[in-house]
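# Structural characterization, general
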Amino acid sequence: MTTLLKKPVSLFKAFLDIVLPPVCYVCGKPCSGKYGLCEMCLEKIRRITPPACAKCGRKLHSDVSICGDCSVKNSYIEKGWCACYYEGSIKECIHLFKYNSYLGLVDIFRDIMLDSIKRNVEAKDADAIVPVPIYSTKKRERAYNHAEVIARAISKNISIPVDSRNLKKIRWTKSQSELDRQKRLENVKGSFIVVDKNAFLDKNVILVDDVYTTGATINECAKTLKNAGVNKVYFLALARGA
Ligand SMILES: [Zn+2]
Ligand SMILES: [Zn+2]
């Protein structure tokens, strides 16, 4: 039945591909890649490979396990990974995904993040994947939480369930991109709650988000989870600045 239902859609898509050949999401050149990106735009995505800071995922060029920033910061993160650099074609894709509803791009985000998570054995002991929440009016404007879409795509592949109900954002905050580091910390302080504390008690959780900048939001989420009895908080972000 499922196959029968799918067939007219794929025939229609095949027809559309003849009339309107698919083009790359980023550069607009014709392409037939499975992600909707041409080879050139795909090659421009730079992965962050080990060694990287255990707390924030920053690329390291020496044998230390955490970076200078993390060594002086009060981090609630057990371990964190960022899959690629926030630049070029992936930055463009994230914008299209978040602000123009190009949800098909979740496939490439998922695969890039799975590459990263599969290299890290620690994540295998996680009990839940928790997308970084957005405030509900923002969700209504956008109709979806982009981090939750990514979290659900990853969850299907690693068999760890998503919990998107028990970590909530309870107030509106300014966009972090407009603020310096100190203001970012103040901006998000106390803006998350855990709804059902039993949901996470003694569990290990992976927070998922699209972009990691200073880590203020992720760390505030981690602090809220730890205060609610979470054992270990990991995070996985798609992209981060250098
Ligand atoms: Zn392209
Ligand atoms: Zn670090």
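I will try to describe carefully the structure that is included in this document. Quantities reported herein were computed from a predicted structural model and do not represent experimental measurements.

Calculation rules
- Residues numbered from 1 in each chain as written.
- Chains lettered and ligands numbered in written order.
- Predicted model: local features only at pLDDT ≥ 70, side-chain atom pairs only at ≥ 80, totals over all residues.
- Buried ≥ 20, exposed ≤ 12 C-beta atoms within 10 Å, placed from the backbone.
- Helix = DSSP H or I, 4+ residues; strand = E, 2+ residues; numbered from the N terminus.
- Pairing = 2+ DSSP bridges.
- Axes fitted to C-alpha atoms, helices over the stretch in contact; angles between N-to-C directions.
- Contact = placed C-beta atoms within 7 Å.
- Left-handed = near helix turned anticlockwise from the far one by under 90°.

This part takes up the pairing of strand S2 (residues 128–131). Here S2 shows two buried faces, one formed by Ala128 and Val130 and the other by Ile129 and Pro131. With 4 bridges connecting them, S2 and strand S5 (residues 204–212) associate as parallel partners. Each bridged residue has a counterpart across the sheet, and for alanine 128 the counterpart in S5 is valine 205.

As a further point, take the sheet that holds strand S1 (residues 79–85). Here 4 strands make up an open sheet; going across it, the order is S1-S6-S5-S2 and the pairing parallel. The open sheet has two edge strands, S1 and S2, and neither has a second partner. Direction aside, neighbouring strands of the sheet carry axes that sit 20 degrees apart on average. As paired elements, S1 and strand S6 (residues 232–240) share 6 bridges and run parallel to each other. Considered in S6, the bridge of tryptophan 81 is made with leucine 236. Contacting S1 and S6, helix H5 (residues 106–118) crosses the sheet at an angle of about 135 degrees to S1.

What follows deals with the packing of helix H8 (residues 181–188) against helix H9 (residues 216–227). The packing of two helices is summarised by the inter-axis angle and the distance between the axes. Where H8 meets H9, the axes come as close as 9 Å, and the angle between the chain directions of the two elements is 35 degrees. Crossing of H8 over H9 shows right-handed handedness. For the pair H8 and H9, contact is made by Arg184, Leu185 and Val188 and by Ala216, Thr217 and Glu220, respectively.

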